Amino acid sequence: MPEFLHTLPPVLAFFIFLAENMLIVSGVIGLGYFIQKRIDKNAVFFISTKEYVTAFITLFINTWITFAGFLLWQGGFIRFTTDFSFRILLDFFILLLVMDLVMYVLHLIIHHSVFYKPVHAFHHVYEKPSPIDLFVLSPFEAFAFGVLWLILIFFYTCNIYAVIAYLVTNVVFGMLGHLSIEPFPRYWLRIPGLKLICTSTFHYIHHQNGNYNFGFYTTIWDRIGNTLAPDYKEQFLKNKEKQT
Ligand SMILES: [Zn+2]
Ligand SMILES: [Zn+2]
């Protein structure tokens, strides 16, 4: 790791993370709407004040989580390896699959618990989500996701490039899941390996019907847990049909 990061003043680090998170939120909104407009020329851009305010609160929570992770790293509690080796790919898949599994289980539990209404229903207000809705979560949920992430990298020393790749993938899948249109190619669900990767329709269905599709990056755990929407393939093709 570059030496200056070890001695970077915390206040300066906080504002760097704030800027970074602002870039992520504006990037998701900008790129998301760009993709929507390219695929569907009639796409309507409307973001309510509630969505802006909540996304801003989530942005602030994410900044504090990044800052907490940085302080833990400066204090030697969280460590990363920095070698350019197969560990980058290995750690990337470990982080992706472990987070996918843990979030799948927690997501499934919250849908069937007393916490659904006070916590998760907040995100489910949007049956046709927009990219910004990735950040429209109850503050508790945003905080819990961040803590879960910090716990994982606290216990598992992983490669820093794998961490960066995972965080980028997390944002990209979050944006894709809230497009309400289908940018993935028509053949996607016909290819054995590819169909395990979540499409936009996959999470769109979850917003329409909270009984199915609890995964975030892969459809693996929904297939194993028998919670994959039975009409996933039909809905996917229907969404593609709408765009032609
Ligand atoms: Zn969602
Ligand atoms: Zn849900």
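Residues numbered from 1 in each chain as written. Chains lettered and ligands numbered in written order. Predicted model: local features only at pLDDT ≥ 70, side-chain atom pairs only at ≥ 80, totals over all residues.

## Comments concerning the overall build of the protein chain
Then, number 1: A count of helices and strands for the protein chain gives 9 helices and 2 strands.
Then, number 2: In sequence order, the protein chain lays out its α and β elements as α-α-α-β-α-α-β-α-α-α-α.
Then, number 3: The C-alpha radius of gyration of the protein chain comes to 18 Å, within 12% of the 18 Å expected for a compact globule of 244 residues.
Then, number 4: Taken over the C-alpha atoms alone, the protein chain extends approximately 55 × 40 × 40 Å along its principal axes. (Helix = DSSP H or I, 4+ residues; strand = E, 2+ residues; numbered from the N terminus. Rg over C-alpha atoms; globule rule 2.2 N^0.38 Å.)

## Remarks on the environment of Thr-58
Then, number 1: Tracing the backbone shows Thr-58 in helix α3 (residues 49-74).
Then, number 2: Taking the number of C-beta atoms within 10 Å as the measure of exposure, Thr-58 has 24 and is therefore buried.
Then, number 3: Residues Thr-58 and Asp-83, spaced 25 residues apart in sequence, show a C-alpha to C-alpha distance of 33 Å.
Then, number 4: Contact partners of Thr-58, with chain neighbours within four places excluded, come to Phe-135, Leu-137 and Ala-142. (Buried ≥ 20, exposed ≤ 12 C-beta atoms within 10 Å, placed from the backbone. Contact = placed C-beta atoms within 7 Å.)

## Some thoughts on the nonpolar core
Then, number 1: Counting residues in hydrophobic clusters, the biggest one holds 29 residues, and the most contacted among them are Ile-132 and Phe-135.
Then, number 2: Only α2 (10-39), α3, α4 (87-111), α6 (160-177) and α7 (200-208) provide two or more residues apiece to this core.
Then, number 3: If we ignore the near neighbours within four places in the chain, the residues touching Ile-132 are Ile-29, Ile-47, Glu-51 and Ala-55. (Core = buried A, V, L, I, M, F, W, Y, C linked by C-beta atoms within 7 Å.)

## Things to note about the packing of α7 against helix α9 (residues 232-242)
Then, number 1: Here α7 crosses α9 at 110°, and the two axes come no closer than 9 Å. Relative to α9, the element α7 lies roughly perpendicular. For the pair formed by α7 and α9, the contact residues are Thr-201, Phe-202 and Ile-205 on the first element and Tyr-232, Gln-235, Phe-236 and Asn-239 on the second.
Then, number 2: A per-class count over the contact of α7 with α9 returns 4 nonpolar, 3 polar and no charged. (Axes fitted to C-alpha atoms, helices over the stretch in contact; angles between N-to-C directions. Parallel < 35°, antiparallel > 145°, perpendicular 65-115°, else oblique. Nonpolar A, V, L, I, M, F, W, Y, C, P; charged D, E, K, R; others polar.)

## A few points about the confidence of the model for the protein chain
Detailed reading of the predicted model is not advised wherever pLDDT is low.
Then, number 1: Put simply, the protein chain has an average pLDDT of 93, and 100% of its residues get 70 or more.
Then, number 2: At the level of individual helices and strands, the protein chain shows its lowest average pLDDT in helix α1 (residues 3-6), which scores 81, and its highest in helix α8 (residues 220-224), which scores 97. (pLDDT = per-residue confidence, 0-100.)

## Things to note about unusual backbone geometry
Then, number 1: In this structure, Ser-180 is a non-glycine residue whose phi angle is positive, near 65°.
Then, number 2: Looking at the secondary structure, you find Ser-180 in the loop between α6 and α7.
Then, number 3: Judged by the 22 C-beta atoms lying within 10 Å of it, Ser-180 falls in the buried class.
Then, number 4: Of note, the phi angle at Asn-213 is positive, near 60°, even though the residue is not glycine.

## A short note on the environment of Thr-199
Then, number 1: Relative to the elements of secondary structure, Thr-199 occurs in the loop between α6 and α7.
Then, number 2: Through-space distance from the C-alpha of Thr-199 to that of Lys-238 is 13 Å; in sequence the pair is 39 residues apart.

## Quick word on the packing of α4 against α6
Then, number 1: In the contact formed by α4 and α6, the axes pass within 8 Å of each other and the chain directions differ by 45°. Taken as axis vectors, α4 and α6 run oblique relative to one another. By crossing handedness, the relation of α4 to α6 is classed as right-handed. On the side of α4, the interface is formed by Ile-88, Asp-91, Phe-92, Leu-95 and Leu-96, while α6 contributes Tyr-161, Ala-162, Ala-165, Tyr-166 and Thr-169. (Left-handed = near helix turned anticlockwise from the far one by under 90°.)

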